[in-house]
Amino acid sequence: MNAKKLSRRHFLSFTAAGVAGMILPGTLEAAQRGHTIATMLDIESCINCRECVKACKEANSSKFPNPEKPYPEMFPSRVPVEDWSDKQDVSNRLTPYNWLYIQTSKGTYNGRNFEIHIPRRCLHCQNPPCANLCPWGAAVREVSGTVRINDRICLGGGKCKDVCPWLIPQRQTGVGLYLDLMPRFAGNGVMYKCDRCYQKLAEGELPACIEACPMQLQTIGPRDKILAQARELADDIQGYIYGDQENGGTNTFYVSPVPFNVLNENITTGPGKPHLKPVENTMSKSEYLTAALVGAPLAGLAAGLLSHKADKDAKIDTE
Ligand code: SF4
Ligand code: SF4
Ligand code: SF4
């Protein structure tokens, strides 16, 4: 992270949007050519209006879980029942029905008060442990750098959440393939998180949260260009970047006038509320590297079998 000194203007809140600019030219073509796409967030510009949170919910509501009740009792009850179906309006943390929320950090730095709002969601890691270590091949990293969980074959065991440094994916019980396979013994639902609005991107549209933001504080584009833009903004405001190094590098770059360790000391963390600490590259740990190498072919095979089963069930349902 950049460690330059702050100037006075960086503490002014509610300023007009800075250099953020939505979508860079050539983004969709770059994604189609197999280039990685990333997002930059100029968080000093966030006014906590939550239009992005609302837009995310609206755009993705058709993907939200619709669980069957009552839930089968698990044996052994190792994987807990997690039911958010009666709390779908919760918007102050990540849930299966809320893939983005605004985290506020309020405090003092260098003798000045600050209040910064941070849109939090999956960072779409470059080398994502959630995708590399999913035993069923349900979590995948696409060539564009989008990391998403296939809800048709996820069994809800939650390995993706356990290995994510920010514990991002969220489980909903009573939905998904485990109900047809081994309702009492396998998984316990499906894991959900931001999928970067991959269908909208494929159709040449902006992700809903980027489009809805009145401050236009997010910019999406080819990773090298976005990273250069993030560094330029950080230089301009004598600020700091989070997401360029964390977990070996992600496809989300937060730029802030206040150091992220200070922001982290002044946020509420816990279930569904990720931290902002430095994060080492999870996949450089030898046990994870070995698990990924050994598990990848099996995960591929499992994904194929589970997809086949899901397709078969869907066909029977429509007959
Ligand atoms: S932030 Fe977590 S859930 Fe998102 S890609 Fe990285 S490891 Fe996976
Ligand atoms: S990219 Fe799409 S799914 Fe992800 S937080 Fe934004 S609106 Fe939600
Ligand atoms: S819509 Fe933009 S300004 Fe409003 S809360 Fe979301 S990121 Fe912040």
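One can find the structure itself at the top, above this paragraph.
Described below are features of the structure shown in this document. Computed from a prediction, not measured in an experiment: that's the story for all the values here.

1. As for the overall build of the chain
Next up, step 1: Across its full length, the chain holds 10 helices and 11 strands.
Next up, step 2: Counting every position in the chain, which comprises 319 residues, the buried fraction comes to 53%.
Next up, step 3: Considering only intrachain contacts with a sequence separation of at least 6, the fraction spanning at least 24 residues in the chain is 71%.

2. Looking at the site of ligand 3
Next up, step 1: For ligand 3, the set of nearby residues contains 13 residues, the closest of which are Cys46, Cys49, Arg50, Cys52 and Cys213.
Next up, step 2: Considered class by class, the residues forming the shell around ligand 3 number 10 nonpolar, 1 polar and 2 charged.

3. Focus on the pattern of salt bridges
Next up, step 1: Scanning the model with the defined rule gives 8 salt bridges in all.
Next up, step 2: Among the salt bridges present, the one from Lys69 reaches Asp86, with a minimum N-O distance of 3.4 Å. Placement of the pair is Lys69 in the loop between helix H2 (51-60) and strand S3 (101-109) and Asp86 in the loop between H2 and S3, with a sequence separation of 17 residues.
Next up, step 3: Using a relative accessible area of 65% as the deciding quantity, one classes Asp86 as exposed.
Next up, step 4: Notably, a salt bridge pairs Arg148 with Glu142, separated by 2.5 Å at the nearest N-O pair.
Next up, step 5: Residue class for Glu142 comes out partly exposed when judged on its relative accessible area of 22%.

4. Notes on the nonpolar core
Next up, step 1: Counting residues in hydrophobic clusters, the biggest one holds 60 residues, and the most contacted among them are Ile43, Ile118, Trp166, Tyr242, Tyr254, Phe260 and Leu263.
Next up, step 2: With residues near it in sequence (within four places) discarded, Tyr254 still touches Leu41, Ile43, Ile118, Pro119, Arg120, Arg121, Leu123, Tyr240, Ile241, Tyr242 and Phe260.
Next up, step 3: In this structure, Leu233, Ala234, Ile241 and Val255 belong to the second largest nonpolar core, which totals 12 residues.

5. A few points about the site of ligand 2
Next up, step 1: As a structural note, the neighbourhood of ligand 2 is formed by Cys56, Asn60, Trp99, Leu100, Arg121, Cys194, Asp195, Arg196, Cys197, Pro207, Ala208 and Cys209.
Next up, step 2: Contributions of two or more residues to the shell around ligand 2 are made by H2 and helix H7 (208-212).
Next up, step 3: Counted by class, the shell around ligand 2 contains 8 nonpolar, 1 polar and 3 charged residues.

6. Focus on the environment of Pro278
Next up, step 1: Mapped onto the elements of the fold, Pro278 is located in the loop between helix H9 (260-265) and helix H10 (286-318).
Next up, step 2: In this structure Pro278 comes out as exposed when scored by relative accessible area, which is 61%.
Next up, step 3: Expressed as a C-alpha distance, the spacing of Pro278 and Phe260, which sit 18 residues apart in the sequence, is 8.4 Å.

7. Focus on the packing of aromatic side chains
Next up, step 1: Following the criterion strictly, the structure yields 4 aromatic pairs and no others.
Next up, step 2: Each ring, one from Trp166 and one from Tyr242, has its centre 6.4 Å from the other, and the planes form 75°; the classification is edge-to-face. Of this pair, Trp166 sits in the loop between helix H4 (159-163) and strand S7 (170-172) while Tyr242 is found in strand S10 (residues 240-242), placing the two residues 76 residues apart along the sequence. For the pair Trp166 and Tyr242, a shared accessibility class is recorded, and that class is buried.
Next up, step 3: Between the aromatic rings of Tyr242 and Phe260, the centroid separation amounts to 5.2 Å while the plane-to-plane angle is 35°, which identifies the pairing as tilted. Taken together, the residues span a long stretch of sequence, with Tyr242 in strand S10 and Phe260 in helix H9 at a distance of 18 residues.
Next up, step 4: On the accessibility criterion, Tyr242 (0% relative accessible area) is buried.
Next up, step 5: Taking relative accessible area as the criterion, Phe260 reaches 0% and is therefore assigned buried.
Next up, step 6: Connected via pairs of aromatic rings, a cluster forms that spans Phe64, Tyr97 and Trp99.

What counts and how
Residues numbered from 1 in each chain as written. Chains lettered and ligands numbered in written order. Predicted model: local features only at pLDDT ≥ 70, side-chain atom pairs only at ≥ 80, totals over all residues. Heavy atoms only, no water. Helix = DSSP H or I, 4+ residues; strand = E, 2+ residues; numbered from the N terminus. Buried < 20%, exposed > 50% of the residue type's maximum accessible area, 1.4 Å probe, protein only. Contact = heavy atoms within 4.5 Å. Near = heavy atom within 4 Å. Nonpolar A, V, L, I, M, F, W, Y, C, P; charged D, E, K, R; others polar. Salt bridge = Lys/Arg side-chain N within 4 Å of Asp/Glu carboxyl O. Core = buried A, V, L, I, M, F, W, Y, C linked by side-chain atoms within 4.5 Å. Phe/Tyr/Trp six-rings, centres within 6.5 Å; stacked < 30°, edge-to-face > 60°.

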